[in-house]
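The residues making up each chain are set out below.
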Amino acid sequence: MKNKCCVFGKFVKSEFVSSENISDILSEAFERAAIAATPDIDCILDILDNVSAAWADPNYHLRVEAAEVMPKLTDFSPEMTDAGFDVVSQICARKNLEKRLKGEFNSLRLFDEGEEQPHLGYKLKAKSRGVLVHLTAGNVFVGAVDSLVSGIITKNVNILKMSRVDTVFPVLFIESIKEHDPAGIIWPNQAAISWKGGDESIENPILNSPATIVFWGGYEALKSLKSRLGDAARLVENGPRFSFAVIEGRKIKVSTAPQIAASLALDVARWDQQACSSPHVVYVLDKDIKTSHLLMEYLYDELLKLSEDLPAGNLTFDEKVEIRKVRELATMSQAKGEGRLECPEDFSFTLVLEYDPVFKVSCLNRTLFIKRISSIEDLIVQVKPLSSYLQTVGVCAYPECFARLEDELFELGAKRVTEIGGMSEGHDGAPHEGEFMLRRLVDMVALEYRDTPESRVEKLLSQINSSVYYNSIIEKAGGCGFENFEKLPLLDRETFYKNSPPESNDILTREPIDAYVYASGGTTGNPKFSFYSNDEYKYVTDLLTDIYRNAGLSKFDRVANLFIAGNLWTSFNVAGRALENLGCLNLPVGGSSDLSNTLKYLKIFDVNAVVGLPSIIIKLAEEIKRLKSDIKIEKILYGGEHLRPETCKFLKETVGAKIIRSAGYACVDTGPVGWQCEHLSGTIHHVLDQYCYCEIISPITGKQAEINEAGEIVVTNLNKTLMPVIRYKTGDMGRWIVSEPCKCGFKGKSFELLGRCDELIVIGGINLMPADVAAGLAKLPVSQSFQIEAQTFEGKDRLCLRLEAEKPVSDVAVLEALKNESYKIAESLHEGWMTVAIEWYKPGKITRNSRTGKLKTIIDARL
């Protein structure tokens, strides 16, 4: 492989590149740019992960070949080059690459289809620059691989100029990609070539092309490159940088000092101090010079050990001359009592203690200056001249001192502060040279949308054509245009579940992976489920956080989550995540917990707010009243069931509630639909119009309801694309209210929730709703949890009323209360259109839904 180059799928002689063909090489690179940008990021990461596994194997044939030649080429010891091959493996490992990509971009999808930006009205994509030309330094051979891999995972075509020191490893690395890329997805888009640095006949065409130049090197080379850079080219510079270490003196005087010295020795020894992050100087923060001498002694022992475990590489004649000069000057200073020299007879390492605190640039090759500094202020004065060139500062100090150093060093210009021992390691996804490296290799582009309901609906419809069910109905309606939206059929639950797992996957747009599944629908028949991708789920919980905040919760509240957990139910999970986002004290009590335990937790943590089902909250309030407890709950957010005015009054009187608001109008299939601000009361909600498109359909005309006209709420979720929900019949009644800009600043539509469509029952000649019964019960010492069942008895309608109370009241008292508060009930009973039967239960004993814990308020048992 020696004396070879690789040029876009061809292995050629090293002399291949010339002034005659460099333009052709560049032209081919730009032609390949569109090809390199095509593969899915997952595919690229899979290939590199296989490359990683190969280089991790000491017997991998290309690693064996590299091990034979690299020590001679680079002058690193065999042990150091072997460690370098392990680093190459780590660089290519999928888990590490994902950390880098997610650390800088948050989502891998930015490189493929792009990602919607919630609330911002655009889709963000990371677009490759096209062609990168890497001008790498030859000090550390893995640096060239790291730069090349950075270009690969950002979907660029890469031209790597190999350093004169190493014209072998980059080609071997591309060969290893070829072995694991039989389809030619990555490797034919890479080039590793050589030319003599400064050859303008080759460099000028490159520097005047629209390529992105990724530069690694010294000041003079960077200055020369900038003077010749054309207007079309872009530069990513990684120029000359210096690093140093700081150790608080107190740390050296304790038993862990040898471990500290071992960590610093490793920072010095890695890559024979050739990396930009290697320390030139270690400052000892202490007024006593003896502490610096003590550190020197510990360091000597540790570097001596490393000389055997991780030997230094071969030195050139010139490098030995530079080290001799340093040693001779240090010997003179020692003779004058101004310093100290500690080094073995060979050139494996050199330690120089100087009393002069001025920062000094090392000649490297494990040559370290040790300097005492009396204060952080003095330290800053000494390193300030290098502020523009600072990269990494390794720190070993107690927390208070560390915090001060961190602030001062970043203010000074340091790009990275880390603990001693980690100077040459770095973290995947962290910035490099003060910027995110991968972000400099792409253009962040945005597809912006007109922020109107119509455009949001059209965008959604255009994204779900991979769903068999939706593709069919959208096609029949005439396409994705908003003018065809109302031609789409209303989606009832039977149709929704018939086309959903486990019955069918027709409603899904893709395989439900990277997703949540939740139980949906009723308790009879086959199980019914609703799917959310992880990102869709996160968006929902972010929305709920806003809903809770707007409803009156804050990070200073102590909140008990009383929704019911388990059995694939949503509410407990999403409420818990929303409370976590809010930053409050979050008590995941759960609605099915024993009441005595719940009350105990409320007392211990002085809980001032709860979120949960009304039936659970009522049950809790009734127990507080029965026990004559002094527990007060200032804020109540409810969801999943309707809460009647009479019940709100009861809660205010019983637990001292000052805020009783909706925790968001929502259902499992649609997600959140509406929210309440402090200026709304009752069941009025603002529409979450950035998240859903809400309609109210008149039951009489089947068309859009007018203002104040009752109808069924129909919801289209604008964010769900895994399991889309288009024109979904919620089963809830509502009406649009006259909308004016709310005092909270909301300017969209608002609706009043009127109850379930199936909660209106015709009995005894009247239209009866739960509110008609609740008004009368509010006057009695009974629970607000009740059930109405319509029955037929002796040929006539009978209203069977199931009530809960510790001590039943007389039937006569119940009937009088009902008649006094509802003229409809009074009229029906007076005319003899129906009769009433009353059944009494202990609190909480009326049969609830075993799945959700909800109490079905109305049942029609008539034949």
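Residues numbered from 1 in each chain as written. Predicted model: local features only at pLDDT ≥ 70, side-chain atom pairs only at ≥ 80, totals over all residues. Heavy atoms only, no water.

Q: Lay out the overall build of the protein chain with the relevant residues and their values.
A: When its secondary structure is counted, the protein chain shows 26 helices and 37 strands. At 36 Å, the protein chain has a C-alpha radius of gyration far larger than the 29 Å of a compact globule built from 863 residues. C-alpha atoms of the protein chain, sized along the principal axes, occupy 115 × 65 × 50 Å. Classification of the 863 residues of the protein chain by burial places 53% in the buried group. The contacts of the protein chain with a sequence gap of at least 6 include a subset with a gap of at least 24, amounting to 69%. About 38200 Å² of surface is accessible on the protein chain, with carbon and sulfur atoms providing 51% of the total. (Helix = DSSP H or I, 4+ residues; strand = E, 2+ residues; numbered from the N terminus. Rg over C-alpha atoms; globule rule 2.2 N^0.38 Å. Buried < 20%, exposed > 50% of the residue type's maximum accessible area, 1.4 Å probe, protein only. Contact = heavy atoms within 4.5 Å. Areas by Shrake-Rupley, 256 points an atom, 1.4 Å probe, with all protein chains shown as cover.)

Q: Go over the sheet that holds strand S29 (residues 711-717) with me, naming the residues and quoting the values.
A: Read from one edge of the open sheet, seven strands run S25-S26-S27-S31-S30-S29-S28, paired in antiparallel fashion. Each end of this open sheet is capped by a strand with a single partner; those strands are strand S25 (665-667) and strand S28 (692-697). For this sheet, the mean angle separating the axes of adjacent strands, direction not counted, is 45 degrees. In this structure, S25 lies alongside strand S26 (residues 671-675), joined through three bridges in antiparallel fashion. Bridging from a neighbouring strand, Cys-667 pairs with Gly-671 of S26. (Pairing = 2+ DSSP bridges. Axes fitted to C-alpha atoms, helices over the stretch in contact; angles between N-to-C directions.)

Q: Got a sec to walk through the sheet that holds strand S2 (residues 10-13)? Specific residues and values, please.
A: Taken in spatial order, the seven strands of this open sheet run S2-S1-S7-S6-S5-S8-S9, and their pairing is mixed. Of all the strands in the sheet, just S2 and strand S9 (234-238) have a single pairing partner and so form its edges. Pairs of neighbouring strands in the sheet enclose a mean axial angle of 20 degrees, with direction left out of account. In this fold helix H6 (residues 141-153) packs onto strand S5 (131-135), strand S6 (157-161), strand S7 (190-193) and strand S8 (212-216), with an angle of close to 165 degrees to the strand it touches most, S6. Its contacts with the sheet put helix H7 (residues 169-179) on strand S1 (4-7), S2, S6 and S7, and the angle it makes with S7 is roughly 155 degrees.

Q: Help me get a handle on the pattern of salt bridges, residues and values and all.
A: For the structure shown, the criterion picks out 44 salt bridges. A salt bridge links Arg-366 to Asp-272; its shortest N-O distance comes to 3.0 Å. Of this pair, Arg-366 sits in the loop between strand S13 (350-354) and strand S14 (367-373) while Asp-272 is found in the loop between helix H11 (257-269) and strand S11 (279-285), placing the two residues 94 residues apart along the sequence. For Arg-366, a relative accessible area of 0% translates into the label buried. For Asp-272, a relative accessible area of 4% gives the class buried. When the shortest N-O distance is used, the salt bridge between Arg-802 and Glu-839 registers 2.9 Å. You can see Arg-802 sitting in strand S35 (residues 796-804) and its partner Glu-839 sitting in strand S36 (residues 834-841), a full 37 residues away along the chain. Members of the salt-bridge network, linked through shared partners, are Asp-42, Asp-46, Arg-94 and Glu-98. (Salt bridge = Lys/Arg side-chain N within 4 Å of Asp/Glu carboxyl O.)

Q: Could you give an account of the packing of aromatic side chains, with specific residues and numbers?
A: According to the stated counting rule, one finds 26 aromatic pairs in the structure shown. Pairing Tyr-469 with Tyr-470 gives two aromatic rings, centres 5.0 Å apart and planes at 75 degrees, and the pair type is edge-to-face. You'll find Tyr-469 and Tyr-470 in the same group, each marked buried. On the basis of an interplanar angle of 85 degrees and a centroid distance of 6.4 Å, the ring pair of Trp-736 and Phe-751 is categorised as edge-to-face. Taken together, the residues Trp-736 in strand S30 (residues 728-736) and Phe-751 in strand S31 (residues 750-756) connect sequence positions 15 residues apart. (Phe/Tyr/Trp six-rings, centres within 6.5 Å; stacked < 30°, edge-to-face > 60°.)

Q: Pulling in residues and values, what's your account of the packing of helix H3 (residues 61-74) against H7?
A: It is at 10 Å that the axes of H3 and H7 come closest, and there the two elements cross at 175 degrees. Looking at the two axes, H3 sits roughly antiparallel to H7. Only Phe-169, Leu-172, Glu-175, Ser-176 and Glu-179 of H7 make contact with H3, whose side of the interface consists of His-61, Leu-62, Glu-65, Ala-66 and Met-70. A class-by-class count of the residues in the contact of H3 with H7 yields five nonpolar, two polar and three charged. (Parallel < 35°, antiparallel > 145°, perpendicular 65-115°, else oblique. Nonpolar A, V, L, I, M, F, W, Y, C, P; charged D, E, K, R; others polar.)

Q: An account of empty space enclosed by the protein is needed here, citing residue identities and associated values.
A: Overall, the coordinates contain two cavities of 30 Å³ or more when judged by the stated rule. The calculated volume of the largest cavity comes to roughly 70 Å³. Contributing to the lining of the largest cavity are Thr-74, Thr-136, Ala-137, Gly-138, Val-140, Phe-141, Ala-144, Leu-160, Met-162, Ser-163, Asp-166 and Pro-170. When the residues that make up the lining of the largest cavity are grouped by side-chain class, the tally is seven nonpolar, four polar and one charged. Taken as a whole, the second largest cavity encloses approximately 60 Å³ of empty space. Taken together, Ala-36, Pro-39, Ile-44, Ile-152, Lys-155, Asn-156, Ile-185, Ile-186, Asn-189 and Gln-190 form the lining of the second largest cavity. (1 Å grid on protein atoms, 1.4 Å probe; cavity = no way out; pocket = protein on both sides within 12 Å on 5 of 7 lines; lining within 4 Å. Points joined across faces, edges and corners; volume = space filled by probe spheres on them.)

Q: Talk me through helix H1 (residues 22-36); I want residue IDs and the actual numbers.
A: Taking 1.5 Å of rise per residue, 15 residues should cover 21 Å, and H1 covers 20 Å from first to last C-alpha, within 8% of that figure. Along H1, the positions that sit buried rather than exposed are Ile-22, Ile-25, Leu-26, Ala-29, Arg-32, Ala-33 and Ala-36. Looking at the buried side of H1, the elements it contacts are S1, S5, S6 and helix H8 (200-207). (Expected span 1.5 Å × (residues − 1).)

Q: Give a description of unusual backbone geometry that names residues and reports values.
A: Glycine aside, negative phi is the norm for most residues, and most peptide bonds take the trans geometry. With an omega of 5 degrees, the peptide bond running from Pro-501 to Pro-502 counts as cis. By the secondary structure assignment, Pro-502 is in the loop between helix H18 (493-498) and strand S18 (515-520). Even without being a glycine, Asn-708 presents a positive backbone phi close to 75 degrees. Look at Asn-708 and you get partly exposed, because its relative accessible area is 45%.

Q: Could you give an account of helix H21 (residues 595-604), with specific residues and numbers?
A: Side chains of residues three or four places apart in an α-helix project in the same direction, reflecting 3.6 residues per turn. Of all the residues in H21, the buried ones are Thr-598, Leu-599 and Leu-602. With its buried residues spanning 95 degrees around the axis, H21 presents them on a single face. Close packing links the buried residues of H21 with strand S20 (558-561) and helix H22 (614-627). Asp-606 sits one or two residues past H21 and shows a positive phi near 50 degrees. (Arc of directions from axis to C-beta.)

Q: Now, about the environment of Trp-675: what can you tell me, with residues and values included?
A: Looking at the secondary structure, you find Trp-675 in strand S26. Judged by relative accessible area, which is 10%, Trp-675 ranks as buried. Once residues lying within four places of it in the same chain are set aside, the contact partners of Trp-675 are Ile-547, Asn-550, Leu-680, His-685, His-686, Val-687, Leu-688, Cys-744 and Phe-746.

Q: Can you tell me about the state of the cysteines, naming the residues and giving the values?
A: By definition, a disulfide links the sulfur atoms of two cysteines through a covalent bond. Enumeration over the complete set of coordinates arrives at zero disulfides. The structure places no disulfide on Cys-5, whose sulfur is separated from the nearest cysteine sulfur, that of Cys-6, by 8.7 Å. Owing to a relative accessible area of 0%, Cys-5 belongs among the buried residues under this scheme. (Disulfide = S-S within 2.5 Å.)

Q: Can you break down the nonpolar core residue by residue, with the values?
A: In this structure, Trp-55, Ile-159, Phe-169 and Phe-173 are the most contacted members of the largest nonpolar core, which totals 106 residues. Per-element tally for this core: the top contributor is helix H2 (residues 41-56), with eight residues. Every residue in contact with Phe-173, bar those within four places of it in the chain, is listed here: Val-51, Trp-55, Val-88, Cys-92, Val-145, Leu-148 and Val-149. Counting residues in hydrophobic clusters, the runner-up holds 72 residues, among them Ala-609, Ala-621, Tyr-665 and Val-673. (Core = buried A, V, L, I, M, F, W, Y, C linked by side-chain atoms within 4.5 Å.)

Geometry only, nothing functional implied.
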